[in-house]
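Okay, here's what each chain looks like letter by letter:
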Amino acid sequence: MMKSAVTVSLVEEARGGPFVFWDGLPAACARAAELGYDAIEIFAPGPDTVDAGELNGLLNQHNLKVAAVGTGAGMVKHGLKLTDPDPAQRTAAREFIRSMIDFGAPYEAPAIIGSMQGRWGGELDLAAALALLAEALEDLGPYAEKAGAPLIYEPLNRYETNLIKTVADGVAFLKTLTTRNVLLLADLFHMNIEEADLAAAVRAGQGYIGHVHFVDSNRQAMGLGHMDFAPIAAALKETGYDGYLSAEAFPLPDADTAAVKTIEAFQRYFRD
Ligand code: LER
Ligand code: MN
């Protein structure tokens, strides 16, 4: 059964970014539970910035799970990327992601590799960058498997990466890997820019999609843009997707409305 999640950012540097809740875990968990969400997705500055005891307490109190943990702070705060031409930087990027895999592990929450994939350019051509990305995923995928969760790789739109931008290219790339523990993140905002047909892209991702960023065309809460979500919902159902639909949306017109609109859309498409 598909489950609902809502993002909470604890990264001050990312303010203005596409996350719903910004005012700490206690407030986010309380409101998420009140609205009937199954889980929160956490965007944290690093592995040591969240007190495990406090988080456990909040999850128990509110009967919530952790859907996933983002690693974007590795890029935003430390400029780390898996395809950096500098080997020392690549190692540091991998270590940051390992630490975020460990952070998510007690909650069986996968780590998401989005902006930390980087991009090709300068001394690095596309093939070389993809080889570096593959090497990193062959290392981190099995590491995540031992920690008890998949590793989630996110194709992004052309303004954020020039590596892999569509679900079909993501599937083709994952098929070249030995590890089977890396799954794709289907972010509907990125897909709205890059895919010719979002429902067809979901079908092309059958068996390879491990997480969904549930958001409208303009990166606002589902229902506040012009995305035709019905065929996408049908494709998710048809292909047997049973992971999270997580609201990675701007807090517009405000965080609470974004959270309310998202859960209303989730219930309309997946619960009624
Ligand atoms: C970035 O645009 C994004 O979609 C995030 O989920 C990844 O860092
Ligand atoms: Mn995303």
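One can find the structure itself at the top, above this paragraph.
These numbers come from a predicted model, not from an experiment.

**Q** In this structure, what is going on with the pattern of salt bridges? I would like to understand it.
**A** Where charged atoms from two side chains of opposite charge come close, those side chains can pair. The tally for this structure, following the rule as stated, stands at 16 salt bridges. Its salt-bridge partner being glutamate 12, residue arginine 15 comes within 2.9 Å of it at the nearest N-O pair. A salt bridge links aspartate 38 to arginine 271, with the shortest nitrogen-to-oxygen separation between them at 3.8 Å. With a gap of 233 residues between them, aspartate 38 in the loop between helix 1 (25-35) and strand 2 (39-43) and arginine 271 in the segment after helix 10 (255-270) connect regions that are remote in the sequence. Classification of aspartate 38 as partly exposed rests on a relative accessible area of 28%. With relative accessibility at 33%, the residue arginine 271 sits in the partly exposed group. Here the salt bridges do not stand alone but share partners, grouping Arg94, Glu95, Arg98, Glu135 and Asp139 into one network.

**Q** Is there a simple way to think about the environment of alanine 196 in this case?
**A** Turning to its location among the elements, alanine 196 is positioned in the loop between helix 7 (188-194) and helix 8 (198-204). C-alpha separation for the pair alanine 196 and threonine 166, spaced 30 residues apart in sequence, amounts to 9.6 Å.

**Q** Whenever I open this one, empty space enclosed by the protein confuses me. Can you help?
**A** To find the voids left in a structure, one rolls a probe of water-molecule size over its atoms. Following the criterion strictly, the structure yields one cavity of 30 Å³ or more and no others. Around the largest cavity, the lining residues are Pro155, Leu156, Lys165, Thr166, Val167, Leu185, Ala186, Asp187, His190, Met191 and Glu195. When contributions to the lining of the largest cavity are tallied by element, the ones reaching two or more residues are strand 6 (182-187) and helix 7. A per-element tally of the lining of the largest cavity places strand 6 first, with three residues. Residue composition of the lining of the largest cavity, by class: six nonpolar, two polar and three charged.

**Q** What exactly am I supposed to notice about the nonpolar core here?
**A** Soluble, globular proteins show a tendency: their nonpolar side chains are buried together. Among the nonpolar cores identified, the biggest contains 90 residues, and Ile40, Leu188, Phe229, Leu236 and Leu245 are the most heavily contacted of them. Among the elements that take part in this core, helix 5 (residues 126-147) stands out by supplying eight residues, more than any other. Apart from residues lying up to four places away in sequence, leucine 188 is in contact with Leu198, Val212, His213, Phe214, Val215, Met222, Met227, Phe229 and Ile232. In this structure, Ala68, Ile152, Leu183 and Leu185 belong to the second largest nonpolar core, which totals five residues.

Definitions and cut-offs
Residues numbered from 1 in each chain as written. Chains lettered and ligands numbered in written order. Predicted model: local features only at pLDDT ≥ 70, side-chain atom pairs only at ≥ 80, totals over all residues. Heavy atoms only, no water. Salt bridge = Lys/Arg side-chain N within 4 Å of Asp/Glu carboxyl O. Helix = DSSP H or I, 4+ residues; strand = E, 2+ residues; numbered from the N terminus. Buried < 20%, exposed > 50% of the residue type's maximum accessible area, 1.4 Å probe, protein only. 1 Å grid on protein atoms, 1.4 Å probe; cavity = no way out; pocket = protein on both sides within 12 Å on 5 of 7 lines; lining within 4 Å. Points joined across faces, edges and corners; volume = space filled by probe spheres on them. Nonpolar A, V, L, I, M, F, W, Y, C, P; charged D, E, K, R; others polar. Core = buried A, V, L, I, M, F, W, Y, C linked by side-chain atoms within 4.5 Å. Contact = heavy atoms within 4.5 Å.

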